Amino acid sequence: MDLQRKLEILADAAKYDASCASSGTEQRDSSDGKGLGSTAPGMGICHSYAPDGRCISLLKVLLTNACNYDCLYCVNRTSSNVPRARFTVDEVVKLTIDFYRRNYIEGLFLSSGIIRSPDYTMEQVVSVARKLREEHRFRGYIHLKTIPEADDALIVEAGKYADRLSINIEMPLENSLAKFAPEKDVRAIRRTMGRLRLKLDEARENGKAATKAKPPRFAPAGQSTQMIIGADAADDKTILDTSANLYGSYRLKRVYYSAFSPIPDASRALPLVPPPLLREHRLYQADWLIRFYGFDANEIVDETAGMLPLDIDPKLAWALRHRDRFPLDVATASREELLRVPGFGTRAVDRIIATRRLTSIRLADLARLHIPQKKALPFIVLSDHRPSPRLLDGAGLKQRFKPKAMQLGFGF
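Per chain, residues are indexed from 1 in the order of the written sequence. It should be noted that, the model being predicted, local features are given only for residues of pLDDT at least 70 and side-chain atom pairs only at 80 or more, the latter also being counted only at that level, while totals for whole chains, interfaces and linings use all residues. Remark: hydrogens and water are excluded; side-chain values derive from all non-hydrogen atoms of the structure.

Under the annotation held in an unreviewed UniProt entry, the protein carries the name Biotin synthase and is attributed to Bradyrhizobium lablabi. UniProt positions are given in the numbering used here, feature names are shortened, and annotations may be inferred rather than shown by experiment. Taken verbatim from the UniProt record of the protein, the Cofactor (unreviewed entry) comment is "[4Fe-4S] cluster".

Q: What exactly am I supposed to notice about the overall build of the protein here?
A: Strands here mean DSSP runs of E at least two residues long; helices mean DSSP runs of H or I at least four residues long; both are numbered from the N terminus. If you tally the helices and strands in the protein, you get 16 helices and eight strands. Within the span of the protein, comprising 412 residues, buried residues form 51% of the whole. Pairs of residues are marked as contacts when any of their non-hydrogen atoms sit within 4.5 Å. Pairs at least 24 apart in sequence give 68% of the contacts found in the protein among residues at least 6 apart. Carbon and sulfur atoms provide 52% of the accessible area of the protein, an area that totals close to 20,300 Å². Per-residue accessibility, obtained with a 1.4 Å probe over protein chains only, is compared with the maximum for each type, and a residue is labelled buried under 20%, exposed over 50%, and partly exposed between these values. The protein chains shown are the only cover counted for residues, whose accessible areas, like all others here, come from Shrake-Rupley with a 1.4 Å probe.

Q: How should I be thinking about unusual backbone geometry in this particular structure?
A: Most peptide bonds are trans, and most residues other than glycine sit at a negative phi. Note the cis peptide between Phe326 and Pro327, where omega equals 0 degrees. On the secondary structure map, Pro327 appears in the loop between helix 10 (314-321) and strand 7 (328-329). In this structure, Asn103 is a non-glycine residue whose phi angle is positive, near 65 degrees. Along the chain, Asn103 turns up in the loop between helix 2 (89-101) and strand 2 (107-111). Residue class for Asn103 comes out exposed when judged on its relative accessible area of 61%. The backbone of Ala219 sits at a positive phi, close to 35 degrees, despite the residue not being glycine.

Q: Explain the packing of helix 1 (residues 3-13) against helix 2 to me, please; I cannot follow it from the model alone.
A: Describing two packed helices takes the angle between their axes plus the distance from one axis to the other. Two elements in contact, helix 1 and helix 2, have axes whose closest approach is 12 Å; the angle formed by their N-to-C orientations is 90 degrees. Viewed along their axes, helix 1 and helix 2 adopt a mutual orientation that is roughly perpendicular. Taking contact as the criterion, the partners of Leu3, Lys6 and Leu7 in helix 1 are, on helix 2, Glu91, Leu95 and Phe99. Amino acids are sorted into nonpolar (Ala, Val, Leu, Ile, Met, Phe, Trp, Tyr, Cys and Pro), charged (Asp, Glu, Lys and Arg) and polar (every other residue, Gly among them). Its residues assigned to classes, the contact of helix 1 with helix 2 comprises four nonpolar, no polar and two charged. Whenever a helix is involved, its axis is fitted only over the stretch in contact; in every case the axis is a line through C-alpha atoms, and angles between N-to-C directions fall within 0 to 180 degrees. Oblique is the label for any angle not under 35 degrees, not over 145, and not in the 65 to 115 range, which are roughly parallel, roughly antiparallel and roughly perpendicular in turn.

Q: Help me understand the sheet that holds strand 6 (residues 254-259) in this model?
A: By definition, the strands of a sheet pair up through backbone hydrogen bonds, in either a parallel or an antiparallel sense. The strand order 1-2-3-4-5-6 describes an open sheet built from six strands, whose pairing is parallel. For this open sheet the edge positions go to strand 1 (59-62) and strand 6, each flanked by a neighbour on one side alone. Between one strand axis and the next, the sheet turns through 20 degrees on average, direction left out of account. By the bridge criterion, six bridges tie strand 5 (residues 223-229) to strand 6 in an arrangement that is parallel. From the neighbouring strand, Met227 faces strand 6, where its bridge partner is Tyr257. The strands that helix 3 (residues 118-135) touches are strand 2 and strand 3 (141-145); relative to strand 3, the one it contacts most, it runs at about 170 degrees. DSSP bridges decide pairing: two strands pair if at least two such bridges lie between them.

Q: Please clarify how the pattern of salt bridges should be interpreted in this entry.
A: Two side chains of opposite charge can pair, provided their charged atoms sit close to one another. Between Lys or Arg on one side and Asp or Glu on the other, a salt bridge is scored when a side-chain nitrogen of the former is within 4 Å of a carboxyl oxygen of the latter. A complete count under the given rule lists 23 salt bridges for this structure. The salt bridge involving Lys94 is made with Asp98; its shortest N-O contact spans 2.7 Å. With Lys94 and Asp98 both in helix 2 and four residues apart, the pair spans about one turn of that helix. For Lys94, a relative accessible area of 48% puts it in the partly exposed group. The class for Asp98 is partly exposed, based on a relative accessible area of 24%. A salt bridge links Asp201 to Arg197, with the nearest nitrogen and oxygen atoms 3.2 Å apart. Pair noted here: Asp201 and Arg197 are both in helix 6 (residues 186-208), with a separation of four residues, about one helical turn. Ionic contacts of the salt-bridge type, sharing partners, join the residues Arg197, Asp201, Arg204 and Arg251 into one network.

Q: How do you make sense of the environment of Leu177 when you look at a structure like this?
A: Following the sequence through the fold, Leu177 ends up in helix 5 (residues 174-180). Expressed as a C-alpha distance, the spacing of Leu177 and Cys71, which sit 106 residues apart in the sequence, is 8.8 Å. Each residue touching Leu177, except ones within four places of it in the same chain, is listed here: Tyr73, Ile169, Glu170, Met171, Pro182, Lys184, Asp185, Val186 and Ile189.

Q: Help me understand the state of the cysteines in this model?
A: In protein structure, a disulfide is the covalent linkage between the sulfur atoms of two cysteines. Cysteine sulfur atoms are paired as a disulfide whenever they fall within 2.5 Å. Scanning the model with the defined rule gives zero disulfides in all. Here Cys67 stays unpaired: no disulfide links it, and the sulfur of Cys71, its closest cysteine neighbor, is 6.3 Å away. Residue classification places Cys67 among the buried residues on the basis of a relative accessible area of 17%. Looking at Cys71, it has no disulfide partner, and the nearest cysteine sulfur is the one in Cys74, 6.0 Å off. Given the relative accessible area of 4%, Cys71 is considered buried.

Q: Teacher, can you tell me more about the pairing of strand 6 here?
A: Successive residues of a regular strand alternate their side chains across the two faces of the sheet. Within strand 6, six of the six residues are buried, which leaves it mostly tucked inside the rest of the structure. Alternating residues of strand 6 divide into Arg254, Tyr256 and Ser258 and Val255, Tyr257 and Ala259, and every residue in both groups is buried. By definition, the crossover connecting two strands over a helix is right-handed if that path, from the first strand to the second, turns clockwise as seen with the strands pointing away from the viewer. A crossover links strand 5 with its parallel partner strand 6, the connecting element being helix 7 (residues 236-250), and its sense is right-handed.

Q: Sorry, what's going on with helix 1 here?
A: Each turn of an α-helix holds 3.6 residues, which means side chains three or four residues apart point in the same direction. Taken together, the buried positions of helix 1 are Lys6, Leu7, Ile9, Leu10 and Ala13. On its buried face, helix 1 sits against strand 1 and helix 2. At the N-terminal end of helix 1, a side-chain oxygen is found 3.3 Å from the backbone nitrogen of Gln4, two or three residues along, and the residue is Asp2. The term polar contact refers here to a pair of N or O atoms within 3.5 Å; inside protein, the definition further demands a hydrogen-donor-capable atom paired with an acceptor-capable atom, and it admits residues adjacent in sequence only when both atoms are side-chain atoms.

Q: What exactly am I supposed to notice about the pairing of strand 1 here?
A: A two-sided burial pattern is seen for strand 1, the buried positions comprising Leu59 and Val61 on one face and Lys60 and Leu62 on the other. Across four bridges, strand 1 lies against strand 2 in parallel orientation. Bridge pairing links Leu62 to Ser111 in strand 2. After leaving strand 1, the chain enters helix 2 and then returns to the sheet as strand 2, a path that is right-handed.

Right under this line is the structure:
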């Protein structure tokens, strides 16, 4: 099979993995003439996004889509009737270097189906990163998928060459993983995540130590994972509870959410239709609230519903359920309180706090601070604005924020 055909098959096979963002790594470049590639802003990793929001900025391929496992939700499962291909280590290295030199990509996202054994597969994946770093002096971004059952020494070596490592938790519920992917063990996945956290903590502590020797490098962009959404019956509350546990237990940089896509010759145990992509988007928004806005996972989703509303964003939904906390006086509210105001982002809150030290904040200042007035005004008090109690307590407030109804077309 020629290289182009392999690339067609193995790039298409990798498209279901959403966890390919390249933020968070150390800054390095090759301006000294001693290497190839860069991770510097503006001249390093370039992010571009597909219409559904997935990052497609890296050369994202599988080493092979042949796999010993028969995970029901995976198009590359061993029983799937799809064309199979396999790159050699040198072929992936050549593609990465050639694509970089043509300015097509700035980094590599590499995963693989499990062939022979977890150790053999992991060794092949690590060999690609080793050759890029040591033989070609490649300084661009490298993200490697980690095989949970692989030997510790291979995990350590992967961290030496990769910017980020990731292990997919796959499903929000342990019993769902046992049902859909019986060869995979959630305990093995979590053990490997724990091992990665220990190595990342060790590297961080070594970096703080005041020694002349440069500490060993280990995955400076940390670790991430991915969950498939909509393949099982887990509701949004369960998904966010699982994410919060993963963030707290393993200090993950990101949890990625991938809406289930129906696959050819699918099992009857899987749903016939995918979940709305808007559900995936709402989960990302809720995830952001947990990581940057001080929300607990158990307060974001209405317990009686179990699901995030699709018609409004999670922060607005929370504010509408807690109207007794509003309106907030922008002049005196704490940062934590301001972060809960619909329409207020972290940067806007910091600008507000800096501005109010010097002067009172007026209605006209919101535009200058890039704050959407329609969303924020019912929930805040300014020096020249106070919302009507009737507006804040009225049943029609939610309707004010809902998107306008649109007539459906014929689709042709």
